[in-house]
Amino acid sequence: MITGGAGFIGSHVVRLFVKKYPDYKIINVDKLTYAGNLGNLKDIENLPNYKFIKADIVDLEDMRKIIRDEKIDGIIHLAAESHVDRSIKDPFTFAKTNIMGTLSLLQAAKEYWESLPEKFEGKLFYHISTDEVYGALEITAPEGVEPPFTTEASSSDHLAYGTEFFVETTKYDPHSPYSASKASSDHFVRAYHDTYGMPTIVTNCSNNYGPYQFPEKLIPLFINNILQGRALPVYGKGENVRDWLFVEDHARAIDTIFHKGKTGDTYNIGGFNEWRNIDLIKVLIKTVDKLSGKPEGSSENLITYVTDRPGHDMRYAIDSRKLQKELGWEPSLQFEEGIEKTVKWYLENKDWVDNVTSGDYEKYYDKMYKNR
Ligand code: NAD
Ligand code: TYD
């Protein structure tokens, strides 16, 4: 069972599992909020080992029924409200879905698995979380050095904006309602492991980018705005730092951890790829201009500095060496390559963007599934 499989990361995970494991039956459970789009899965929706069920993870009875009826033995839980700016406007929805939804799923899985003769054996509840639960890091450099500076944290030449990184043991210190709700859900998952012996894994990943990301997050929003010649709203001075990972690399990490991870454990996922927002935006502008036939850099005049996001975390930076050493996962793409691939996808899939920006995608479920 994959929850949130109609969303950005979930759709990549569903596609990977459905194609790679024809012997698994993949059940995608998604409420189809504004962020859920079944159009993301058109290429695999008719494969025999895939099934979609529209349901709200907050609904305990529905979760009990699905898990029992479908005889679920593994859960990869991605369903969530995921956008910080929305959480600032509407924290209650975040608490409801991210905390109560995770709790309903945990409880429903626990009850079903405990009712089986083999109980928790061969079962796994894998919870997908974010690096934002760790709080914010500072921008600092060793004495006499200007950030970014080279570190030995990764095998490649990693440029870092600070001397500290998030490791699996970093204390939780969430600041936004989004990260507070994700932190709470992570605690519930660990509580079910420690209290009831549920086999669980939690992973905390850095910012993802790539195809099918809803154009409210920085990268797809800015690609779309550059293409439309609209202003690019940079929060504050554009100096905040994020650590970016191509979404297919995250999906591969999830596959590796689901199959080889140690239960009860936590893994950080990231590609040692820190960028100041303004520098990333300039790379984006250059790439979109080049691929859409405009003079390179000509869209820089769209950059518009706007009021900062309240409580805006300064820097995120993941140390993923545990995952790399213990399970052998590595990111596959350099950032410029990933950005080029992403921009090309948005250029070639303007219909997808028009569909999600117009709201038409919300009719897809009715058309395709309602009478099945
Ligand atoms: P997304 O917003 O694109 O997709 C979320 C999906 O969950 C949507 O399909 C939505 O319909 C579904 N959903 C929401 N509420 C639901 C509910 N109550 N019941 C059932 N389904 C519901 O999110 P995303 O960016 O793909 O993130 C997926 C997960 O990964 C989230 O848990 C997020 O916290 C985590 N994560 C995201 C990033 C990132 O950069 N996007 C990074 C690290 C971790
Ligand atoms: P976002 O994609 O919302 O991810 P997160 O807040 O989870 O890291 O934002 C990435 C960075 O870009 C973050 O520092 C906020 C900034 N940002 C802007 O400057 N302007 C925007 O319009 C958006 C959406 C984000």
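Please refer to the structure placed before this passage.
Computed from a predicted model, the values in this text were never measured in an experiment.

Caption draft 1: Molecular detail of the nonpolar core. One finds Val13, Leu38, Tyr50, Ile76, Tyr126 and Ile269 to be the most contacted residues of the largest nonpolar core, which totals 71 residues. Per-element tally for this core: the top contributor is helix 8 (residues 277–291), with seven residues. Discounting chain neighbours no more than four positions away, the residues touching Leu38 are Ala6, Leu32, Tyr50, Phe52, Tyr364, Tyr365 and Tyr369. Core analysis: the next-biggest nonpolar cluster, separate from the first, contains 26 residues, Ala55, Leu103, Ala109 and Trp113 among them.

Caption draft 2: Geometry of the packing of aromatic side chains. A full pass over the atoms with the stated rule returns 18 aromatic pairs. For the ring pair Tyr209 and Phe335, a centre distance of 5.2 Å and an interplane angle of 75 degrees mean the geometry is edge-to-face. Of this pair, Tyr209 sits in strand 9 (residues 207–209) while Phe335 sits in helix 10 (residues 335–348); the two residues are 126 residues apart in sequence, bridging distant segments of the chain. When its relative accessible area of 2% is taken as the criterion, Tyr209 is described as buried. An aromatic cluster of three or more residues is present, and its members are Tyr209, Trp244, Phe246, Trp275 and Phe335. In this arrangement the basic side chain of Arg86 is found over the ring face of Tyr34, its NZ or CZ atom lying 3.4 Å from the centre. The ring of Tyr196 has Lys110 sitting right over it, with the charged end atom 4.4 Å from the ring centre.

Caption draft 3: Just the pattern of salt bridges, in detail. Overall, the coordinates contain 20 salt bridges when judged by the stated rule. A single salt-bridge network, built from bridges that share partners, covers Glu61, Arg64 and Glu111.

Caption draft 4: Representation of the side chain of Ser181 in the model. Following the sequence through the fold, Ser181 ends up in helix 5 (residues 177–196). If sequence neighbours within four positions are ignored, Ser181 has contacts with Phe94, Ala95, Asn98 and Ile99.

Caption draft 5: Representation of empty space enclosed by the protein in the model. Scanning the model with the defined rule gives one cavity of 30 Å³ or more in all. For the largest cavity, the full set of lining residues is Val84, Glu132, His175, Ser176, Arg242, Arg309, Gly311, His312, Asp313 and Tyr316. Looking at side-chain class alone, the lining of the largest cavity contains two nonpolar, four polar and four charged residues.

Caption draft 6: Just the pairing of strand 5 (residues 124–130), in detail. Judged by how many residues are buried, strand 5 sits mostly within the fold: seven of seven residues are covered. Both strand 4 (residues 74–77) and strand 5 contribute to a ladder of four bridges, which runs parallel. Of the residues in strand 5, the one forming a bridge with His77 is His127. For strand 5 and strand 8 (residues 200–205), the ladder comprises six bridges, and the chain directions are parallel. Bridge assignment links Ile128 to a residue of strand 8, and that residue is Thr203.

Caption draft 7: Quick look at the layout of surface pockets. What the second largest pocket holds in volume is close to 560 Å³. Looking at the second largest pocket, it is lined by 26 residues, and the ones nearest its centre are Ser156, Gly271, Phe272, Asn273 and Gln334. Residue assignment for the lining of the second largest pocket shows that the elements contributing at least two residues are strand 7 (158–160), strand 11 (241–246), strand 13 (274–276) and helix 10. Among the elements that take part in the lining of the second largest pocket, strand 11 stands out by supplying three residues, more than any other. The class makeup of the residues in the lining of the second largest pocket is 12 nonpolar, nine polar and five charged.

Caption draft 8: The site of ligand 1, seen in detail. Around ligand 1, 29 residues are found, and the nearest of them are Ile9, Asp30, Ser82, Tyr178 and Lys182. For ligand 1, a nitrogen atom lies 3.0 Å from a polar atom in the backbone of Lys31. Contacts to ligand 1 include Asp56, whose side-chain N or O atom sits 2.8 Å from a nitrogen atom. Burial of ligand 1 by the protein amounts to 97% of the accessible area it has alone, namely 830 Å². Secondary structure elements with two or more residues in the shell around ligand 1: helix 1 (8–20), strand 5, helix 5 and strand 9. Here the element with the most residues in the shell around ligand 1 is strand 5; it accounts for three residues. Grouping the amino acids of the shell around ligand 1 by side-chain chemistry returns 13 nonpolar, 11 polar and five charged.

Quick notes on the rules
- Residues numbered from 1 in each chain as written.
- Chains lettered and ligands numbered in written order.
- Predicted model: local features only at pLDDT ≥ 70, side-chain atom pairs only at ≥ 80, totals over all residues.
- Heavy atoms only, no water.
- Core = buried A, V, L, I, M, F, W, Y, C linked by side-chain atoms within 4.5 Å.
- Buried < 20%, exposed > 50% of the residue type's maximum accessible area, 1.4 Å probe, protein only.
- Helix = DSSP H or I, 4+ residues; strand = E, 2+ residues; numbered from the N terminus.
- Contact = heavy atoms within 4.5 Å.
- Phe/Tyr/Trp six-rings, centres within 6.5 Å; stacked < 30°, edge-to-face > 60°.
- Lys NZ or Arg CZ within 6 Å of the ring centre and 35° of its normal.
- Salt bridge = Lys/Arg side-chain N within 4 Å of Asp/Glu carboxyl O.
- 1 Å grid on protein atoms, 1.4 Å probe; cavity = no way out; pocket = protein on both sides within 12 Å on 5 of 7 lines; lining within 4 Å.
- Points joined across faces, edges and corners; volume = space filled by probe spheres on them.
- Nonpolar A, V, L, I, M, F, W, Y, C, P; charged D, E, K, R; others polar.
- Pairing = 2+ DSSP bridges.
- Near = heavy atom within 4 Å.
- Polar contact = N/O pair within 3.5 Å; in protein donor to acceptor, adjacent residues only side chain to side chain.
- Areas by Shrake-Rupley, 256 points an atom, 1.4 Å probe, with all protein chains shown as cover.

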